[in-house]
Amino acid sequence: MSHRLIRDVIAGRKAYTTSSHTPIADAARLMKAHAIGALMIVDDGKLVGICTERDVVFRVIAADRDPQSTRVASAMTRKPRTVTPDQPLGHALHIMYEGGFRHVPVIEHGKPVGLITARDALGPDLAQFRAELDEREHIGEIL
């Protein structure tokens, strides 16, 4: 698992981004629409931050700020730790563990190309678990 390259893990995924000027309410709707927990914040083609569901809850909702008028810039995490696509997944997981966060932006040639999440560590294990459950259900149907 930890030796898989980040490039392989994020292959085929869309990199969801928004501007720091976006209202939090719109950013939250974008996360909901795509069933994602974080957005990379990009201004002028460069990563300037990351906005997670935790940022929305803790820095906006719990702080009694208006999600319609609060901009992403005031709730996002600035200058997030990043990785490159040619690093191993284990490196990203180590960064997450050390920093206590669940998302790490992937940057290539200065541009955001994807996002690694804590859930990515479960990828193959989760797929195997699902396959075993499906097999058990199938066996149960036969019996």
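Residues numbered from 1 in each chain as written. Predicted model: local features only at pLDDT ≥ 70, side-chain atom pairs only at ≥ 80, totals over all residues. Heavy atoms only, no water.

Peer 1: Hey, could you go over the pairing of strand β3 (residues 46–52) for me, with residue numbers and the actual values?
Peer 2: The side chains of a regular strand alternate between the sheet's two faces. Examined bridge by bridge, strand β2 (residues 38–43) and β3 share 6 bridges and lie antiparallel to one another. Bridged to Val 42 within β3 is Leu 47. A loop of 2 residues connects β2 with β3, the two strands running antiparallel in sequence, and Asp 44 in this loop sits at a positive phi of about 55 degrees. As paired elements, β3 and strand β4 (residues 77–78) share 2 bridges and run antiparallel to each other. Paired with Ile 50 across the two strands is Thr 77, which belongs to β4. (Pairing = 2+ DSSP bridges. Helix = DSSP H or I, 4+ residues; strand = E, 2+ residues; numbered from the N terminus.)

Peer 1: Which residues make up the sheet that holds strand β1 (residues 17–18), and what values go with them?
Peer 2: Here we have 4 strands laid out as an open sheet, ordered β1-β2-β3-β4, and mixed in their pairing. Of all the strands in the sheet, just β1 and β4 have a single pairing partner and so form its edges. Where β1 and β2 come together, 2 bridges link them in parallel fashion. Looking at β2, one finds that Thr 17 is bridged to Met 40. Seen against the sheet, helix α2 (residues 24–33) touches β1, β2 and β3 and runs at an angle of roughly 130 degrees to β2. Helix α3 (residues 53–61) rests against β3 and β4 of the sheet, and its axis sits at about 70 degrees to β3. (Contact = heavy atoms within 4.5 Å. Axes fitted to C-alpha atoms, helices over the stretch in contact; angles between N-to-C directions.)

Peer 1: Let's hear about the pairing of β2: which residues, and what values?
Peer 2: Counting buried positions along β2 gives 6 out of 6 residues, so the element sits mostly inside the fold. Following the backbone out of β1, through α2 and into the adjacent parallel β2, one traces a crossover that is right-handed. (Buried < 20%, exposed > 50% of the residue type's maximum accessible area, 1.4 Å probe, protein only. Right-handed = clockwise from strand over helix to strand, strands pointing away.)

Peer 1: Go over α2 with me, naming the residues and quoting the values.
Peer 2: Among all positions in α2, only Ile 24, Ala 25, Ala 27 and Met 31 are buried. Looking down the long axis of α2, one finds its buried residues gathered within 160 degrees of arc, a one-sided arrangement. If you follow the buried residues of α2, they end up packed against β2, β3 and α3. Following α2 by one or two positions, Ala 35 has its phi on the positive side, about 50 degrees. (Arc of directions from axis to C-beta.)

Peer 1: Before we move on, can you summarise the pattern of salt bridges with the specific residues and values?
Peer 2: All told, the structure shown has 5 salt bridges when counted by the stated rule. Between Asp 120 and Arg 13 there is a salt bridge, with its nearest N and O atoms 2.3 Å apart. Of the two residues, Asp 120 is situated in the loop between β6 (111–117) and α5 (123–142) and Arg 13 in the loop between α1 (6–10) and β1; the sequence distance between them amounts to 107 residues. Relative accessible area serves as the criterion here: at 8%, Asp 120 is assigned to the buried category. On the basis of relative accessibility, which here comes to 38%, the residue Arg 13 falls in the partly exposed class. A single network of salt bridges, built from pairs that share partners, joins Arg 7, Asp 86 and Glu 108. (Salt bridge = Lys/Arg side-chain N within 4 Å of Asp/Glu carboxyl O.)

Peer 1: Describe in detail the environment of Val 56, supporting the description with residues and values.
Peer 2: Along the chain, Val 56 turns up in helix α3. Along the sequence, Val 56 and Pro 67 sit 11 residues apart, while their C-alpha atoms lie 8.3 Å from each other.

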